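Coordinate inspection notes
Spelled out from the first residue to the last, the chains are:
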Amino acid sequence: TVIVPDSSWNPSIAPASPAGAATATRSRLLVGGLRAEPFPRVSPDGHGVAYVHNDGRGASRLRVIDPESGVVLRSHRVTGQVSFDWLGDTIVVGQLEFDGRWNLRSDLWRWSGDGAWSRMTTNARLTDPRAGGGVLTSLRILPGTNEPTRAAPAAVRESSAATWGPVVPSPDGAWLVAPRHRDGRWALVRWAEGREGSTDAATVLMEAEPGAAVTHA
């Protein structure tokens, strides 16, 4: 069961198909034979689809393919627990990396549209990059918990017992939305970007009953 205390959120979600439009769809297989979830993401211009390619016959690779033909436009090897998102024509990638013999860290990498691959952070323990409106967010892993990296009102960060799912910026970069688990409940919360230290409370868009969950992609 999901409680929706803020009804203003509903009109902001565009319907999947306009009223009166035909509901028939057409699909075509682009990639098959995968052994793990590919987490596909369409580029902002719609000209590329990025996904994790793991067919069990070699190292995992992050691929960008043409959405019409499935032709591979570019490809790069990745490690483990890969997360990524488009920032313009650049893909920001979070993945695991060994820091010495025993330590494992998660850092961010930048894969530019021209194919250049470069490090963004070192030993930063960052995961789940998300982008929107020129704003880049991620999660920072802390002992026993995590936290959003973008500025958030104190009321959003008031409980160290909270854990977070990916923080997603709105298309214009003005708002941030994230699933938050606190006091045994999952909730979907929203707050304004760039208001660090503000006393404004986050808006709870949805809250799940105990034992239920608010999912994310």
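Notes on the structure in this doc start here. These numbers were taken from a predicted model, which means no experiment stands behind them. (Residues numbered from 1 in each chain as written. Predicted model: local features only at pLDDT ≥ 70, side-chain atom pairs only at ≥ 80, totals over all residues. Heavy atoms only, no water.)

**What to know about the overall build of the chain**
The helix and strand inventory of the chain stands at 0 helices and 17 strands. Residue pairs at least 24 apart in sequence account for 36% of intrachain contacts in the chain once pairs closer than 6 positions are excluded. (Helix = DSSP H or I, 4+ residues; strand = E, 2+ residues; numbered from the N terminus. Contact = heavy atoms within 4.5 Å.)

**Observations concerning the sheet that holds strand 2 (residues 41-42)**
The strand order 2-3-4-5 describes an open sheet built from 4 strands, whose pairing is antiparallel. Every other strand in the sheet has two partners, leaving strand 2 and strand 5 (72-77) as the edge strands with one partner each. As paired elements, strand 3 (residues 49-53) and strand 4 (residues 61-65) share 5 bridges and run antiparallel to each other. Along strand 4, the bridge assignment pairs His53 with Arg61. (Pairing = 2+ DSSP bridges.)

**Things to note about the environment of Asn146**
Structurally, Asn146 is set in strand 12 (residues 145-148). Residue classification places Asn146 among the buried positions, given a relative accessible area of 15%. Considered as a pair, Asn146 and Ala162 are 16 residues apart in the sequence and their alpha carbons are 7.9 Å apart. Not counting the four nearest positions on each side in its chain, Asn146 is found in contact with Leu139, Arg140, Ile141, Ala162, Thr163 and Trp164. (Buried < 20%, exposed > 50% of the residue type's maximum accessible area, 1.4 Å probe, protein only.)

**Re the sheet that holds strand 7 (residues 90-99)**
As summarised here, the arrangement of the 4 strands in space is 6-7-8-9, forming an open sheet in which the pairing is antiparallel. One side of each edge strand has no neighbouring strand; the edge strands of this open sheet are strand 6 (83-87) and strand 9 (117-119). With strand direction ignored, the average angle separating the axes of adjacent strands in the sheet is 35 degrees. As paired elements, strand 6 and strand 7 share 5 bridges and run antiparallel to each other. Paired with Ser83 across the bridge in strand 7 is Gly94. (Axes fitted to C-alpha atoms, helices over the stretch in contact; angles between N-to-C directions.)

**Brief notes about the pairing of strand 15 (residues 175-182)**
With respect to burial, strand 15 is a largely interior element, 6 of its 8 residues being buried. Strand direction decides the pairing type here: strand 13 (residues 163-164) and strand 15, joined by 2 bridges, are antiparallel. Paired with Thr163 across the strands is His181, a residue of strand 15. The turn linking strand 14 (residues 168-169) back onto strand 15 is made up of 5 residues, and Gly173 within it adopts a positive phi angle of 75 degrees. Examined bridge by bridge, strand 15 and strand 16 (residues 185-192) share 8 bridges and lie antiparallel to one another. When the bridges of strand 16 are listed, Arg182 appears paired with Arg185.

**Quick word on the environment of Gln81**
Checked against the element boundaries, Gln81 lands in the loop between strand 5 and strand 6. Taking the C-alpha atoms as reference points, Gln81 and Gly94, 13 residues apart in sequence, are found 7.8 Å from one another. Once residues within four sequence positions are removed from consideration, Gln81 is found in contact with Gly94, Gln95 and Leu96.

**Looking at the side chain of Thr121**
Within the fold, Thr121 resides in the loop between strand 9 and strand 10 (126-132). Here the side chain of Thr121 touches Leu108 through a polar contact of 3.0 Å, landing on its backbone nitrogen. Aside from chain neighbours lying at most four places away, what touches Thr121 is Asp107, Leu108 and Leu126. (Polar contact = N/O pair within 3.5 Å; in protein donor to acceptor, adjacent residues only side chain to side chain.)

**Some words on the nonpolar core**
Counting 12 residues, the largest nonpolar core is built from Ala50, Val52, Leu62, Val64, Val78, Val82, Phe84, Trp86, Ile91, Val93, Trp109 and Trp111. Elements that contribute at least two residues to this core include exactly strand 3, strand 4, strand 6, strand 7 and strand 8 (103-111). Leave out the neighbours within four places in its chain, and Leu62 touches Tyr51, Val52, Arg74, Ser75, His76, Val78, Phe84, Ile91, Val93 and Trp111. Counting 11 residues, the second-largest nonpolar core is a separate cluster that includes Trp164, Val167, Ala178 and Ala187. (Core = buried A, V, L, I, M, F, W, Y, C linked by side-chain atoms within 4.5 Å.)

**Here's the deal with the pattern of salt bridges**
All told, the structure shown has 6 salt bridges when counted by the stated rule. In this structure, Arg57 engages Asp55 in a salt bridge whose closest nitrogen and oxygen atoms are separated by 3.2 Å. For Arg57, a relative accessible area of 75% translates into the label exposed. Using a relative accessible area of 16% as the deciding quantity, one classes Asp55 as buried. A salt bridge links Arg140 to Glu147; the shortest N-O distance between them is 2.9 Å. Given a relative accessible area of 30%, Arg140 falls into the partly exposed group. Since its relative accessible area comes to 28%, Glu147 is described here as partly exposed. If you follow the salt bridges from partner to partner, you end up with Glu97, Asp107 and Arg119 in one network. (Salt bridge = Lys/Arg side-chain N within 4 Å of Asp/Glu carboxyl O.)

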